[in-house]
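Analysis of the macromolecular model
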Amino acid sequence: MLASVFMISFSYGQETEKKKAEHGIGFQIGGTTGHGLTYRYYGNKIGVQVSALPIFMQNDEFLMSAGLTGMYKIAESKRIDLVAYLGNHFVTRDPEVIINESDNQTIQPNQPVSNSLLDQHILAKLLTGGSEAYQRLSYNMSIGLGGVLHSKNRFINFNFFTGYGIYSLNREPLSALSLTVGITFKLN
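In this text, all values refer to a predicted model and were calculated from it rather than measured experimentally.

Some words on the overall build of the protein chain
Tallying secondary structure elements over the protein chain gives two helices and ten strands in all. Partitioning the contacts of the protein chain with sequence separation of at least 6, the portion at a separation of at least 24 is 56%. Accessible area of the protein chain: about 10,700 Å², with a carbon and sulfur share of 64%.

So, in structure tokens, the structure goes:
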């Protein structure tokens, strides 16, 4: 559906006022658009946002969140833009074992393990320093609507996106509401 909107917008030969493209840097949190430091290119109608957050922990543990979000401006005013978005988020984690806390067994890689157990261990590790999780790559995506709220001089931009998300698409897909919030500071 979003691809159709992009194609239709390019097929019309309307003359529009060209605005200078904006480049920005900031931070965002989104399960389907990525967590971490963010670079945003925001053109006349189309924008793209890249987010990344590498976390290096003790004992050679590593977590990487990388997101790529495409945006299409549907409507705009001086202070807020309504946008359609398509979010993509990749998450990977290292090292290579899981400790099953319920029965104190170690589960080796390549053994079937439910995604909920993995997510519990990863969340426990991130929030409380809990158990280790084996290496995995998870892909999340979403489509929906959002807004970009501009400060008076457009130096600070707040963004919020919500839509339909699919989590762990490459493992055990789960669909739910997606939500992203972020802030960017204009570079040019």
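Describing the pattern of salt bridges
Enumeration according to the criterion identifies three salt bridges in this entry. Between Glu-22 and Arg-154 there is a salt bridge, with its nearest N and O atoms 2.9 Å apart. A residue pair is termed long-range when its members are at least 10 positions apart, and Glu-22 in strand β1 (residues 22-30) and Arg-154 in the loop between β8 (136-150) and β9 (156-167) qualify at 132 residues. Take Glu-22 and Arg-154: they sit in the same class, and that class is buried. A salt bridge links Glu-76 to Lys-73, with the shortest nitrogen-to-oxygen separation between them at 3.8 Å. With a relative accessible area of 37%, Glu-76 lands in the partly exposed category.

Things to note about the packing of aromatic side chains
Working definition: an aromatic ring pair is given by the centre-to-centre distance plus the angle between the planes. One pass over the full model with this rule turns up three aromatic pairs. The ring of Tyr-42 carries Arg-40 above its face, with NZ or CZ at 5.9 Å from the centroid.

Some words on the nonpolar core
Ranked by size, the top nonpolar core spans six residues in total: Tyr-42, Met-71, Val-83, Tyr-85, Val-148 and Phe-161. If sequence neighbours within four positions are ignored, Tyr-42 has contacts with Ala-21, Glu-22, Gly-47, Met-71, Lys-73, Asp-81, Val-83, Val-148 and His-150.

Focus on a nonpolar patch on the surface
Where nonpolar side chains cluster on the molecular surface, the patch consists of Phe-27, Ile-29, Leu-37, Ile-80, Leu-149, Phe-158, Phe-160, Leu-179 and Val-181 and spans about 820 Å² of accessible area. Elements with a minimum of two residues in the nonpolar patch: β1, β9 and β10 (174-186). Secondary-structure assignment places Ile-29 in strand β1.

Quick notes on the pairing of strand β4 (residues 62-76)
Relative to β4, strand β3 (residues 46-56) runs antiparallel, the two being bridged by eleven bridges. Opposite Pro-54, over in β4, you have Met-64 as the bridge partner. Here β4 folds back onto strand β5 (residues 80-94) in antiparallel fashion, the turn holding three residues.

Regarding the environment of Ile-74
As for its placement among the helices and strands, Ile-74 is situated in strand β4. Spatially, the C-alpha atom of Ile-74 lies 7.7 Å from that of Lys-45, the residues being 29 residues apart in sequence. Ignoring sequence-local partners within four residues, the contact set of Ile-74 consists of Lys-45, Leu-82, Val-83, Ala-84 and Leu-145.

Let's talk about the pairing of strand β2 (residues 36-42)
Across seven bridges, β1 lies against β2 in antiparallel orientation. When the sheet's bridge partners are listed, Gly-24 is paired in β2 with Arg-40. Connecting the antiparallel pair β1 and β2 is a turn made up of five residues, with Gly-34 showing a positive phi of about 105 degrees. Pairing analysis gives six bridges linking β2 to β3, with the strands arranged antiparallel. Along β3, the bridge assignment pairs Tyr-41 with Val-48.

Brief notes about unusual backbone geometry
The backbone of Arg-154 shows a phi angle near 65 degrees, a positive value even though the residue is not glycine. Take Arg-154: its relative accessible area is 18%, and that puts it in the buried class. Unlike most non-glycine residues, Ser-168 shows phi in positive territory, near 50 degrees. Inspection of the secondary structure assignment puts Ser-168 in the loop between β9 and β10.

Here is what the cut-offs are and how they apply
- Residues numbered from 1 in each chain as written.
- Predicted model: local features only at pLDDT ≥ 70, side-chain atom pairs only at ≥ 80, totals over all residues.
- Heavy atoms only, no water.
- Helix = DSSP H or I, 4+ residues; strand = E, 2+ residues; numbered from the N terminus.
- Contact = heavy atoms within 4.5 Å.
- Areas by Shrake-Rupley, 256 points an atom, 1.4 Å probe, with all protein chains shown as cover.
- Salt bridge = Lys/Arg side-chain N within 4 Å of Asp/Glu carboxyl O.
- Buried < 20%, exposed > 50% of the residue type's maximum accessible area, 1.4 Å probe, protein only.
- Phe/Tyr/Trp six-rings, centres within 6.5 Å; stacked < 30°, edge-to-face > 60°.
- Lys NZ or Arg CZ within 6 Å of the ring centre and 35° of its normal.
- Core = buried A, V, L, I, M, F, W, Y, C linked by side-chain atoms within 4.5 Å.
- Patch = residues over 30% accessible without salt bridge, like charges linked within 9 Å, V, L, I, M, F, W, Y side chains within 5 Å.
- Pairing = 2+ DSSP bridges.

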